Each structure stands twice: as C-alpha cells, then as structure tokens.
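Per-entry structural report
Here is how the chains run, residue by residue.
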Amino acid sequence: MKNQKHITVLLHEAIKYLNIKKNGIYIDGTFGGGGHSLNILKHLGKQGKLYSFDQDPYAINIAKKIFDSRFHIIQDKFSNITMHAKNMNIYKKIDGILLDLGPSSMQLFNPQRGFSFRINGPLDMRMNPCHGTSAKQWINTSNQNTIAYILKTLGEEKYAKKIANKIVKIRNIKPINTTQELSAIIQNIVPYNKYKHPARRSFQAIRIFINQELYEIKTFLQQVLNILNSHGKIVIISFHSIEDRIIKKFMIQHSQNVNIPYNLPITENKINQLNIKKIKNIKRIFPSPQEMIQNPRSRSAILRTAQLIE
Ligand SMILES: C[S@@+](CC[C@H](N)C(=O)[O-])C[C@H]1O[C@@H](n2cnc3c(N)ncnc32)[C@H](O)[C@@H]1O
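Everything numeric here is computed off the predicted structure, so don't read it as measured data. (Residues numbered from 1 in each chain as written. Predicted model: local features only at pLDDT ≥ 70, side-chain atom pairs only at ≥ 80, totals over all residues. Heavy atoms only, no water.)

1. Some thoughts on the site of the ligand
- Surveying the vicinity of the ligand reveals 25 residues, the closest of which are Thr 8, Asp 54, Asp 100, Gln 107 and Glu 216.
- Here Thr 8 contributes a side-chain N or O atom positioned 2.6 Å from an oxygen atom of the ligand.
- One of the side-chain nitrogen or oxygen atoms of Glu 216 is found 2.8 Å away from a nitrogen atom of the ligand.
- In isolation the ligand has 600 Å² of accessible area, and contact with the protein removes 98% of it. (Near = heavy atom within 4 Å. Polar contact = N/O pair within 3.5 Å; in protein donor to acceptor, adjacent residues only side chain to side chain. Areas by Shrake-Rupley, 256 points an atom, 1.4 Å probe, with all protein chains shown as cover.)

Below is the structure:
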C-alpha cells in the first residue's frame, strides 16, 4: 500500500484543453506525482516553460528528480500564485493553468500521512505535514458544535451531530490518535452502505477543512483571470460537488455580460475601462467509461475548462 503510484486522471483531456503552444508558458498548480506536468513537458518545445506547484514536500522530492531546464518546481500553495508569477516575471504571460484537486494516491495510501479510513496510521491529513494543525489536534480540541458543523457542511454527513457527540465523549476518556480509532467511532453510528464506506464523508470533510481546500480554490479563482495572458486557458479537475459548484459558479459568472443597472450614468467606454475580464468556451468533461474501470478513483472527477477573452 505504501508509496502507491498515483494514476493521473483525465490526462489526455487536460492536455487537449490546455491546447499547448510549443513556446508557451504553463502552470501546473498541483504537481502530485507529476503525471500532468511530464505530459505538458512532452508537448512543449525548446523555448516553452512549465512552472509546477505543490505544498507537499514528498511531491517536491519527486519533482526534483526532473532535470529539464524548461521546468521549475515551487513548494507553496497555489493560492499564492500571483506573488510567484510576479517574482518569476510571468505575470500576464501565462498561456494555461491546470489544477487537479484533492489528495494524491501517495498521500491517501501512505499510512503515515493519516488520510485513509481504511489504513491505520497517525491521524494527520495535512498535505504539508510541516505546517498547520493536524486532524488529530483538531479532533481532540475543537468543540462539539464546530466538529458537527464541519462534518455537515463539508461532508454532507447526515449523522454529523451524533458523530461529534460521540467523538467528544470518547476523547474525554482517551485522545483519538489514529485513523482507525476515528473510523471505528463513525462506523458505530453511520449505517453500512454497500457502495460507500461509513467514514468516507467525515474523513473527506476533515481533510477539506484541515487543508483549507475551499479557501484555496476560491482564492485561486479570484486571481486566475489577472495572471493569464489574453487568451489563457483554465483547466480544473475536481472530485466533489462542493468544489465543483464553486468552479461552475465562477465560470458562469465570468462568461456573462456585466449587468449595469438601467439609468446609471455610465458610458460603454467607462465599462471597458473597468477592465472586467470575461471567459468563453466553457466545457464540462467526465472520464470515459473505460478510464473509470481502469482507475476507479476517476469516477467522481469533473474537468471544467474555459478560456479568457481578450
Ligand atoms: C490529485 S494530486 C495531483 C496529481 C497530478 N496531477 C499527477 O498526475 O500526478 C494533487 C496534488 O496537489 C497538491 N495540492 C492540493 N492542494 C494544493 C494547494 N492548495 N496548493 C499546492 N498544492 C496542492 C497535493 O499535495 C497533491 O500532491
């Protein structure tokens, strides 16, 4: 199980919609095992550039084994993208950005990372284990209402209140230290379902919270239209409905004409000066049935893509 290789999801579709120009500048915001990054490099010519990000030091170690002068790896969150784009002098020059959200298989299946409800390990779930609060710290110190709220809103868990109540009762006797301890508490409350493990929703919610995943995507989306060049492409793969809703809303919002209230004393010229950026070619793509069979993890993937209009 340890060091399980990550199978890249929607690889060909992501590359197709990035529509890579030989001498273009690209960003992969989620390097992971490097599946998408390596393929982008294959499509780039000698003058092309790829800047990849990951917050996980283990992913960075994989990236450091790529010796290619066109490739640069940055250890940071993609929410800091503007700062890095400015530092690297690629601000407003970027031809395309890819995000492949969620954890990698290397994170999920390494017991030491504490992400999995199936494999026992220390309860952690941090994508960067050197920073922030671990799931263990959070579950043993947060108040009952906060735990219930997170499980309900980020995991859509029907039994959120009951689970939070039991967590607090148990931790008053002994701290909850491992993934199996937490998973066992949840399994005693949530009825068994043939298709989904009872702890799946709660573990998803805690992971999203610990890594501030919704904050990350929202902050990224606030910046992305400003850092791309005038025809830049956005390709985002997400794996759960809460995240997908945020991306969908963003794309729809930015593809529509600005609604200026009737009678407002503003000329068309002034509207153009506001520099409100728009996007077009919005598409939603799912993995093929064949990919879903070969890689069951891809079943919940949705790729959304769009292009900036000059
Ligand atoms: C699904 S994996 C990417 C897999 C990759 N596309 C491949 O084919 O190998 C997601 C990766 O993004 C990283 N990641 C997730 N959120 C991040 C964020 N906000 N900033 C930087 N890296 C992030 C995770 O650490 C993980 O390594």
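2. A look at the domain arrangement of the protein
- Annotation of the protein at the domain level lists domain 1 (11-105 + 221-309) and domain 2 (128-210).
- A straight line from the C-alpha centre of domain 1 to that of domain 2 covers 31 Å.
- With 11 residues of domain 1 in contact, the opposing surface of domain 2 contributes 9 residues.
- Taken together, the two surfaces of domain 1 and domain 2 that pack against each other cover about 640 Å², and 61% of this comes from carbon and sulfur.
- There are 1 salt bridge connecting domain 1 and domain 2.
- A salt bridge links Arg 245 to Glu 156; its shortest N-O distance comes to 3.3 Å.
- For the pair domain 1 and domain 2, the interface holds 2 residue pairs in polar contact (both at pLDDT 80 or more). (Domains from an automatic or database assignment. Contact = heavy atoms within 4.5 Å. Buried area = accessible area lost by both parts, 1.4 Å probe. Salt bridge = Lys/Arg side-chain N within 4 Å of Asp/Glu carboxyl O.)

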